[in-house]
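Each chain, written out:
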Amino acid sequence: MVKNSPFSARPTAALLLPLSLLAVPAFAQPGVKEDSVILQPDKVKDDAPVVETAAEANLPSWSKQNAEALLVSVEGAGAEGLFPKDYSPDALAAAIMGGDQARLDKTATDTFLLLATHLRDGRTPNAARKQWFMVDSDGDNEPLLSLLAAALGAGTVSETLATLDPVHPDFAALKASLKKAKTPADANAIRVNMERWRWMPRALGERYVVSNVPEYLTRVVHGGTIIATHKAVVGKNSTPTPQLNPMATGIIVNPTWTLPRSIINEGIGATIARNPGAARAQGYTWTGSGKTLSVVQKAGPGNALGVMKMEMLNPHAIYLHDTPSKGAFAAAARAFSHGCIRTERALHFSGLMAVMFAGKSPEEFGEAIASGETTRFGFDSPFPVYVAYWTVIPDGKGGVKKLADIYGRDAPVVASFSQPGRPTATIIAPTPPAVVPTVTTARTTTPGTSGIY
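Residues numbered from 1 in each chain as written. Predicted model: local features only at pLDDT ≥ 70, side-chain atom pairs only at ≥ 80, totals over all residues. Heavy atoms only, no water.

Undergrad: What exactly am I supposed to notice about the sheet that holds strand E6 (residues 257-258) here?
TA: Within a sheet, adjacent strands bond to each other through the backbone by hydrogen bonds, running parallel or antiparallel. The sheet built from 3 strands is open, its strands ordered E6-E8-E7 with antiparallel pairing. At either end of the open sheet lies a strand with only one pairing partner, and these are E6 and strand E7 (284-287). Note that E7 and strand E8 (residues 294-297) share 4 bridges and pair antiparallel. For Trp 286, the partnering residue across the bridge sits in E8 and is Val 295. (Pairing = 2+ DSSP bridges. Helix = DSSP H or I, 4+ residues; strand = E, 2+ residues; numbered from the N terminus.)

Written as structure tokens, this is what we have:
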């Protein structure tokens, strides 16, 4: 949790590196091209629910008091950016008044599990979460049946549901602003971003880096406090930056750059074929030719990754890195890259990473930079990098402000509000699901089929 520090606020602390490290000249390389995003298909199916039988769940019966507390939470779901009608309040009220315990148990349990699913994981179906690939561990950390059983036993249904809100103060700011929204469009914009917070882990951790793509900013959080803020250049519309949360394992200074096939095809492949001397002068080395051409740019002032690259393995080939094209940071809207996140003041950023998270001294970092050699500083403990997409954020004055939706990702979420939400994450079945026998077919292992060879 970030302690009283909305992302829009000024950093409360900073690591001051020696001035000699920050005085390295900024090299210009107009039209530089860096790592290109590997576009992955959107998720279109919702996650399969956890299925348990009533015997396995072994839930206590619903008391009238617990059911009435649930009804209050349902009727107040609008304050959470949700829609009370999704949770059938009339059916729940009728079950409370009907005097049929079995009916009350089923209706209240189903209602709790659906509302808790939407509070914990978000209401929006995966199909409307465009280019959203963050891994959310809340389902493992907060299993709904365990929460429900504890809530029924302690008589804390409303309180338990309230604990599912994201803990970051920016979410609380959005929730407070929803009550003051002046138009339906304003309210929906806030709801969209409350949803996005729910698609992420409820608590982001004590140490992490977060880049908010529409804000063009990257922040470093340590001990629950923002310690550095850097301008960012993000993907242009044709190569948009996806949302993900890989683990950062180290920082690489003076990196080499292995060119993706898309960028080889865009021009450097032709340069190598027509004028190999010019390609070598730009630091490129290569093997093969044509479709087998593999190109690497050596470390140096003209390298497209600049002086540093954050090591954060992911299938999208998205990284935080430096750039020799510093002029792009002067623009207000900075969607220029091939998908990766170019980071302003990269020496400060990489020095911060090396000193605070890899246990190196400023002198060791400075020597590595000055050597010109590719050097990796591994982090003592890996931590997440959240590549987020919030288009409504706190304004630092007690309200919120709207950012440009640069990739048009808000509209599908708004459209989903008029459709059924994602299904419950946990289902209680009256009988065990059918077991399908597994048929094993013998397979002959050869050097061509075995993964050992």
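Undergrad: What's the story with the nonpolar core in this structure? I'm lost.
TA: The nonpolar side chains of a soluble globular protein tend to be buried, and buried together. Residues Val 220, Ile 251, Met 310, Met 353 and Phe 379 are the most contacted members of the largest nonpolar core, which totals 69 residues. Ignoring sequence-local partners within four residues, the contact set of Phe 379 consists of Ala 248, Thr 249, Gly 250, Ile 251, Met 310, Met 353, Phe 357 and Ala 358. In terms of nonpolar packing, the next biggest core, distinct from the first, is built from 28 residues, Ala 67, Ala 95, Leu 119 and Leu 164 among them. (Core = buried A, V, L, I, M, F, W, Y, C linked by side-chain atoms within 4.5 Å. Buried < 20%, exposed > 50% of the residue type's maximum accessible area, 1.4 Å probe, protein only. Contact = heavy atoms within 4.5 Å.)

Undergrad: Can you walk me through the packing of aromatic side chains in this structure?
TA: Ring pairs (aromatic) are described by centroid distance and by the angle formed between their planes. Taken as a whole and judged by the stated rule, the model has 10 aromatic pairs. Their ring planes at 45° and their centres at 6.4 Å tell us that Phe 365 and Phe 377 sit as a pair that is tilted. Residue Phe 365 is found in helix H14 (residues 362-371), and its partner Phe 377 is found in strand E13 (residues 375-388); the two are separated by 12 residues along the sequence. Residue Phe 365 shares its accessibility class with Phe 377, and that shared class is buried. Taken together through their ring pairs, the aromatic side chains of Phe 357, Phe 379 and Phe 383 make up a single cluster. The ring of Tyr 319 carries the charged tip of Lys 309 above its face, separated from the ring centre by 4.2 Å. One residue, Arg 409, lies across the ring of Tyr 389, its end atom 5.4 Å from the ring centre. (Phe/Tyr/Trp six-rings, centres within 6.5 Å; stacked < 30°, edge-to-face > 60°. Lys NZ or Arg CZ within 6 Å of the ring centre and 35° of its normal.)

Undergrad: What is the right way to look at the pairing of E8 in this model?
TA: Every regular strand shows the same layout, with side chains that alternate between the two sheet faces. Burial along E8 is one-sided: the residues Val 295 and Gln 297 are buried and none of Ser 294 and Val 296 is. Sheet topology note: the E6/E8 ladder contains 2 bridges and is antiparallel. Within E8, the residue paired with Thr 258 across the bridge is Val 296. What sits between E7 and E8 in their antiparallel hairpin is a turn of 6 residues, with Gly 288 showing a positive phi close to 75°.

Undergrad: Explanation requested: the packing of helix H4 (residues 89-98) against helix H5 (residues 101-121) in the structure shown.
TA: Any two packed helices are characterised by the angle at which their axes cross and by the distance between the axes. Closest axis-to-axis distance for the H4/H5 pair is 9 Å, and the angle between their directions is 150°. With respect to each other, H4 and H5 are oriented roughly antiparallel. Note on packing geometry: the crossing formed by H4 with H5 is left-handed. Residue-level inspection shows Ala 91, Leu 92, Ala 94, Ala 95 and Ile 96 of H4 in contact with H5, the latter providing Arg 103, Leu 104, Thr 107, Ala 108 and Thr 111. Counted by class, the contact of H4 with H5 contains 7 nonpolar, 2 polar and 1 charged residues. (Axes fitted to C-alpha atoms, helices over the stretch in contact; angles between N-to-C directions. Parallel < 35°, antiparallel > 145°, perpendicular 65-115°, else oblique. Left-handed = near helix turned anticlockwise from the far one by under 90°. Nonpolar A, V, L, I, M, F, W, Y, C, P; charged D, E, K, R; others polar.)

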